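One letter stands for each residue in the lines below.
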Amino acid sequence: MTGLERLAEHHADALLRFERENRAWFARTVPDRGDDYFTGFAARHAALLAEQATGACHFHVLVDDDGEVLGRFNLVDVADGSAELGYRVAERAAGRGLATAVVRQVCDLARDEYGLTRLTAETTRDNPGSLAVLRRTGFTLVGEVLLDGRPGLRHVRELAG
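Residues numbered from 1 in each chain as written. Predicted model: local features only at pLDDT ≥ 70, side-chain atom pairs only at ≥ 80, totals over all residues. Heavy atoms only, no water.

Student: Account for the packing of aromatic side chains, naming residues and giving values.
Tutor: Taken as a whole and judged by the stated rule, the model has 4 aromatic pairs. Both rings, one in Tyr-37 and one in Phe-38, keep their centres 5.2 Å apart while their planes meet at 80°; by these two values the pair is edge-to-face. Of the residues examined, Phe-38 reaches a relative accessible area of 12% and is grouped as buried. When the centroid spacing of 6.0 Å and the interplanar angle of 10° are considered together, the rings of Phe-73 and Tyr-87 count as stacked. (Phe/Tyr/Trp six-rings, centres within 6.5 Å; stacked < 30°, edge-to-face > 60°. Buried < 20%, exposed > 50% of the residue type's maximum accessible area, 1.4 Å probe, protein only.)

Next comes the structure, spelled out in structure tokens:
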């Protein structure tokens, strides 16, 4: 059994493990976080929690029964009823429909708990898994973007009330 949890202080060790174990996997399709992310992780985690407390962002982790992180699902830059969705799923959990199910759940949370009416999401063109998740969960392609110099696509989803 897996569950979506709002990011908390006690997730720090499991989240760092998740990021380290999946770094190469993520770098195939999303910009790498860089070494500084890992060396300064404790301060970064504390900063995320402080930012979340202001309501400017909503961070979530998907955890398994052992408390291990299987994915991150974040709503950032919350303003005027809108936010940007970002997510990443562990290599060992990919291809099982988890991302699709949890993105749907996060869209419901965004509307019902956080009062949002619109989400945006971007992914690189060479990330077919993420592109499929966005299509399956009601996001519409609205344009092209560059993500750290890589060609990407921008999507939008209106959240019906």
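Student: Help me get a handle on the side chain of Thr-120, residues and values and all.
Tutor: On the secondary structure map, Thr-120 appears in strand S5 (residues 118-124). Exposure remark for Thr-120: the relative accessible area of 5% places this residue in the buried category. Excluding its chain neighbours within four sequence positions, the residues that come into contact with Thr-120 are Ala-83, Glu-84, Leu-85, Phe-139, Arg-154, His-155 and Val-156. (Helix = DSSP H or I, 4+ residues; strand = E, 2+ residues; numbered from the N terminus. Contact = heavy atoms within 4.5 Å.)

Student: Could you give an account of the sheet that holds strand S6 (residues 140-147), naming the residues involved and the relevant values?
Tutor: Spatial strand order, S1-S2-S3-S4-S5-S7-S6: 7 strands in an open sheet with mixed pairing. Taken across any chain shown, the strands that pair with only one partner, and hence form the sheet edges, are strand S1 (3-6) and S6. The average undirected angle you get between the axes of adjacent strands in this sheet is 25°. Running at roughly 100° to strand S3 (residues 69-79), helix H1 (residues 12-21) makes contact with strand S2 (58-63), S3 and strand S4 (82-89) of the sheet. In the packing of helix H5 (residues 98-112) onto the sheet, contacts are made with S1, S2, S3, S4, S5 and strand S7 (150-158), and the angle to S3 comes to roughly 35°. (Pairing = 2+ DSSP bridges. Axes fitted to C-alpha atoms, helices over the stretch in contact; angles between N-to-C directions.)

Just distances and angles here, no functional claims.
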